[in-house]
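So the chains spell out like this:
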Amino acid sequence: MKMAALCSEFGDLAQIKKHLISVISLCKERGLLHSAKWASELAFSLDPLPKDDLPPTPPFTEEDAQDLDALTLAKSYFDLKEYDRAAYFLKGCCSQKAYFLYMYSRYLSGEKKKDDETVDSLGPLEKGQVRNEALRELRVELSKKHTARELDGFTLYLYGVVLRKLDLLKEAVEVFVEAIQALPLHWGAWLELSNLITNIEMGFSGLLSLLQLKSLSLPDCWIKDFFMAHMYTELQMIKEALQKYQNLIEAGFSKSTYIISQIAVAYHNIRDIDQALALFNELREHDPYRIDNMDTFSNLLYVKSMKPELSYLAHNLVEIDKYRVETCCVIGNYYSLRSQHEKAALYFQRALKLNPRCLGAWTLMGHEYMEMKNTSAAIQAYRHAIEVNKRDYRAWYGLGQTYEILKMPFYCLYYYRKAHQLRPNDSRMLVALGESYEKLSQQVEAKKCYWRAYSVGDVEKMALLKLAKLHEQLNESDDAAQCYMLYIQDIFSCGEQLEHAEVSTALRYLGQYYFKNKLYDEASLCAQRCCDYNDARAEGKALLRQISQVRDQVETPSADLYTPLSNNNTPVRRVSPLNLISFTP
């Protein structure tokens with residue numbers, strides 16, 4: 001496949017379909033099943049080609065003919081996961097295809113042995129304690145071939161994987177770029193490059209990672225749009241990712257289950273739960289036996305406490321394949337929702353025995369250990385998750401919560417900062433940061449975090465309340481009153497006023513505050529509202545009596561409550577106290 005021929009515009013969907021059919025065949029011959037599956041799903045979403053337009057079979061060289069018998073035999077062993085046996089019969093073969101399968105068999109043999117050692121103990125294994133012993137030999141042999149420019153696109157990809165496994169990340173990026181230039185349609189190489197760019201410097205923002213990406217000379221062909229959409233999702237640049245996927249749908253990939261699943265994952269990442277659920281349900285209608293991404297679907301059902309739907313999903317996946325990692329994670333979520341945390345942890349452990357690098361299972365197991373108050377095991381699980389993917393904000397956040405339980409605020413601050421770097425507009429990370437700063441008596445920083453959490457859209461409606469209480473502790477009564485007022489208006493506007501426990505706290509404070517400032521009408525209104533809550537009813541009635549006594553003695557003076565506030569770091573809006581009347585339950 002020539003480079004120029006591969007750089008088709010989206011207008012020529014027939015040519016793209018030919019490219020996909022060709023690369024599916026090439027990947028299957030080399031045992032690259034995930035790349036073959038990705039290309040097959042994409043090809044299926046496009047219209048079938050007429051018989052005369054189907055791509056020709058790849059040319060068969062003299063070397064291919066000589067190695068045919070050995071390659072056929074070795075591939076049968078490879079498919080049965082007898083990797084050492086496959087490598088033995090491929091030793092000495094000369095063709096590019098046979099050489100790749102020879103090296104790939106050796107690599108997978110080492111990975112299998114490493115995984116077998118790892119899963120024997122899911123305890124505290126430090127990074128690098130268990131290694132693929134074949135990596136160094138593979139690197140030496142592939143390096144010589146690379147220097148002699150004897151590696152094709154697939155073998156360059158394998159060389160990049162070996163370098164990445166040996167933590168030679170800069171060299172790995174360069175080799176993956178070479179692999180993509182040699183064979184642009186191999187999706188596996190694009191994915192590996194994506195993981196490296198987002199992981200090399202975990203502290204990089206999305207913008208810096210994209211600047212790093214622009215410095216690489218990647219081929220400008222249609223598959224790059226899929227890569228960029230994936231990159232945006234990984235970097236939590238969801239708006240840009242959704243726009244890219246929408247463009248791909250409009251270009252002709254509207255039937256692609258891959259794109260639907262990625263859009264659903266993107267909505268999951270920004271916690272647009274209803275939209276994500278709708279897309280996952282649509283995905284299951286198109287592909288009812290699909291298991292990929294169903295663990296993410298189960299996370300959404302868990303958050304919405306949809307127990308019957310989660311139970312149905314778990315039973316359905318067990319019928320399809322109970323030994324898939326995703327199935328184990330779904331069952332784990334089901335037991336977690338039923339508060340059977342020991343059983344949930346057991347199924348997450350099963351998932352990890354099937355795939356020790358399953359990010360979601362490590363993170364979810366950490367959550368279960370937290371529920372069981374096993375902080376040591378939770379810390380180990382979260383650390384494993386970070387080892388798999390440094391950009392997993394849930395693991396960093398989980399570590400922060402664990403050290404919070406252990407009353408180690410400096411550690412909390414470090415881990416919450418990491419989580420915030422990955423999710424700068426997530427109010428939960430900001431509130432957690434604010435709490436850590438508050439415990440460390442860094443009130444100015446805490447105020448900034450709480451206000452920022454409110455500004456970006458407070459998911460849990462707690463930022464203003466915490467900010468108000470902090471002002472109250474610092475005797476900044478005007479600022480505390482402003483924050484309590486904004487908090488009450490925010491709660492009432494969402495229709496949650498009868499469900500939110502802290503509304504009575506805000507009303508009690510505002511009632512006393514208005515009373516002290518001789519704004520008796522507003523104080524009376526707050527006192528009446530206090531009577532709607534059991535924990536504040538007595539104080540509300542007492543305040544109404546006080547107001548009544550004062551009104552019998554003097555006229556209510558007028559006062560301009562909302563003069564500029566005290567000089568501090570919290571930006572606060574001017575709000576009329578009478579606005580509360582418009583939010584009557």
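Please read all numbers here as calculations on a predicted model, not as lab measurements. (Residues numbered from 1 in each chain as written. Predicted model: local features only at pLDDT ≥ 70, side-chain atom pairs only at ≥ 80, totals over all residues. Heavy atoms only, no water.)

**Let's talk about the environment of valine 431**
Link 1 in the chain: When you line up the elements, valine 431 lands in helix α24 (residues 427-439).
Link 2 in the chain: The exposure class assigned to valine 431 is buried, which follows from its relative accessible area of 8%.
Link 3 in the chain: Residues valine 431 and lysine 448, 17 residues apart in the sequence, show an inter-C-alpha distance of 10.0 Å.
Link 4 in the chain: In contact with valine 431, other than residues within four places in its own chain, are Tyr450, Ala453, Asp458, Ala463 and Lys466. (Helix = DSSP H or I, 4+ residues; strand = E, 2+ residues; numbered from the N terminus. Buried < 20%, exposed > 50% of the residue type's maximum accessible area, 1.4 Å probe, protein only. Contact = heavy atoms within 4.5 Å.)

**Re the packing of helix α22 (residues 393-405) against helix α23 (residues 409-422)**
Link 1 in the chain: Contact geometry for α22 and α23: axes closest at 8 Å, N-to-C directions at 160°. Relative to α23, α22 is oriented roughly antiparallel. Our pair here, α22 against α23, has a crossing hand that is left-handed. Residue-level inspection shows Tyr393, Trp396, Tyr397, Leu399, Gly400, Gln401, Tyr403 and Glu404 of α22 in contact with α23, the latter providing Tyr411, Cys412, Tyr414, Tyr415, Tyr416, Lys418, Ala419 and Leu422.
Link 2 in the chain: Residues of the contact of α22 with α23, tallied by class, amount to twelve nonpolar, two polar and two charged. (Axes fitted to C-alpha atoms, helices over the stretch in contact; angles between N-to-C directions. Parallel < 35°, antiparallel > 145°, perpendicular 65-115°, else oblique. Left-handed = near helix turned anticlockwise from the far one by under 90°. Nonpolar A, V, L, I, M, F, W, Y, C, P; charged D, E, K, R; others polar.)

**Concerning the pattern of salt bridges**
Any two side chains of opposite charge can pair, so long as their charged atoms come close to each other.
Link 1 in the chain: Scanning the model with the defined rule gives 28 salt bridges in all.
Link 2 in the chain: Between arginine 324 and aspartate 292 there is a salt bridge; the shortest N-O distance is 2.8 Å. Pair noted here: arginine 324 is in the loop between α17 (307-321) and α18 (325-337) and aspartate 292 is in the loop between α15 (273-286) and α16 (294-303), with a separation of 32 residues, a long-range link.
Link 3 in the chain: The buried category is assigned to aspartate 292, whose relative accessible area is 17%.
Link 4 in the chain: A salt bridge links glutamate 539 to arginine 508, with the shortest nitrogen-to-oxygen separation between them at 3.6 Å. With a gap of 31 residues between them, glutamate 539 in helix α30 (residues 537-553) and arginine 508 in helix α28 (residues 503-516) connect regions that are remote in the sequence. (Salt bridge = Lys/Arg side-chain N within 4 Å of Asp/Glu carboxyl O.)

**Observations concerning the packing of aromatic side chains**
Link 1 in the chain: Enumeration over the complete set of coordinates arrives at 29 aromatic pairs.
Link 2 in the chain: Relative to tryptophan 187, the ring of tryptophan 38 lies with its centre 4.3 Å away and its plane at 5°, an arrangement referred to as stacked. Residue tryptophan 38 is located in helix α3 (residues 33-44), and its partner tryptophan 187 is located in helix α10 (residues 187-199); the two are separated by 149 residues in the primary sequence. Each member of the pair, tryptophan 38 together with tryptophan 187, is buried.
Link 3 in the chain: Judged by centre distance (5.2 Å) and plane angle (90°), the rings of tyrosine 88 and phenylalanine 89 are edge-to-face.
Link 4 in the chain: Residue tyrosine 88 is classed as exposed on the basis of its relative accessible area, which comes to 62%.
Link 5 in the chain: When the ring centre of tyrosine 99 is taken as origin, the NZ or CZ atom of lysine 145, which lies over that ring, is 4.7 Å away. (Phe/Tyr/Trp six-rings, centres within 6.5 Å; stacked < 30°, edge-to-face > 60°. Lys NZ or Arg CZ within 6 Å of the ring centre and 35° of its normal.)

Function-wise, these values are silent; they only describe arrangement.
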